[in-house]
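Spelled out from the first residue to the last, the chains are:
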Amino acid sequence: MMNRIAGLVVIASSLTAPPLLAQPSGHAAHHTAQPATSAAATSMSDGEVRKVDKDAGKITLKHGPIPNLDMPDMTMVFRVKDAAMLDAVKAGDKVRFTADKVGGQYTVTRIEPAK
Ligand SMILES: [Cu+2]
């Protein structure tokens, strides 16, 4: 009979964890402030591009409901957060986008072609 288990002890003792870096601000970890906005919960809405006005930084979208703006489907003009976003879309494109009210104006904060 050879029931001795040799070697396991050697393997286990070689699994030494790397030293943890000291956390200088352990207390602050309890206070990771969550912004009061619901930006993280913003979902994308469906839309269809009707018109792109890059000079003005505006886009006309026929859009589906936008829950975070409490908006039903309609066609309307949005500002875009960054005019460069308009390079990715053109009239007639089906898109998915997020919009928010920025400075009192409805603003597309993200837009991408819909597949
Ligand atoms: Cu609208």
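Residues numbered from 1 in each chain as written. Predicted model: local features only at pLDDT ≥ 70, side-chain atom pairs only at ≥ 80, totals over all residues. Heavy atoms only, no water.

Draft legend 1. Region of the structure containing the overall build of the protein chain. Counting secondary structure elements, the protein chain contains one helix and five strands. Starting at the N terminus, the α and β elements of the protein chain follow one another as α-β-β-β-β-β. A burial count over the protein chain gives 23% of its 115 residues as buried. (Helix = DSSP H or I, 4+ residues; strand = E, 2+ residues; numbered from the N terminus. Buried < 20%, exposed > 50% of the residue type's maximum accessible area, 1.4 Å probe, protein only.)

Draft legend 2. Examining the confidence of the model for the protein chain more closely. Here the protein chain averages 80 in pLDDT, and 63% of its residues register 70 or above. In the model, residues 34-40 has pLDDT below 50 throughout and makes zero contacts with residues more than four positions away in sequence or in other chains. (pLDDT = per-residue confidence, 0-100. Contact = heavy atoms within 4.5 Å.)

Draft legend 3. Spatial organisation of the coordination of the copper ion. Taken together, H63 (NE2), M71 (SD), M74 (SD) and M76 (SD) make up the full set of protein donors to the copper ion, lying 2.0 to 2.5 Å away. Bound by four donor atoms, the copper ion shows angles of 104 to 118° at the metal and therefore tetrahedral coordination geometry. Spacing between the donor residues of the copper ion along the chain follows H-x7-M-x2-M-x1-M. Overall, H63 belongs to the buried group, its relative accessible area being 3%. Overall, M71 belongs to the buried group, its relative accessible area being 8%. (Donors = N, O, S within 2.8 Å, 3.2 Å for Na, K, Ca; no water. Tetrahedral: all angles 85-135°; square planar, octahedral: opposite > 155°, others 65-115°.)

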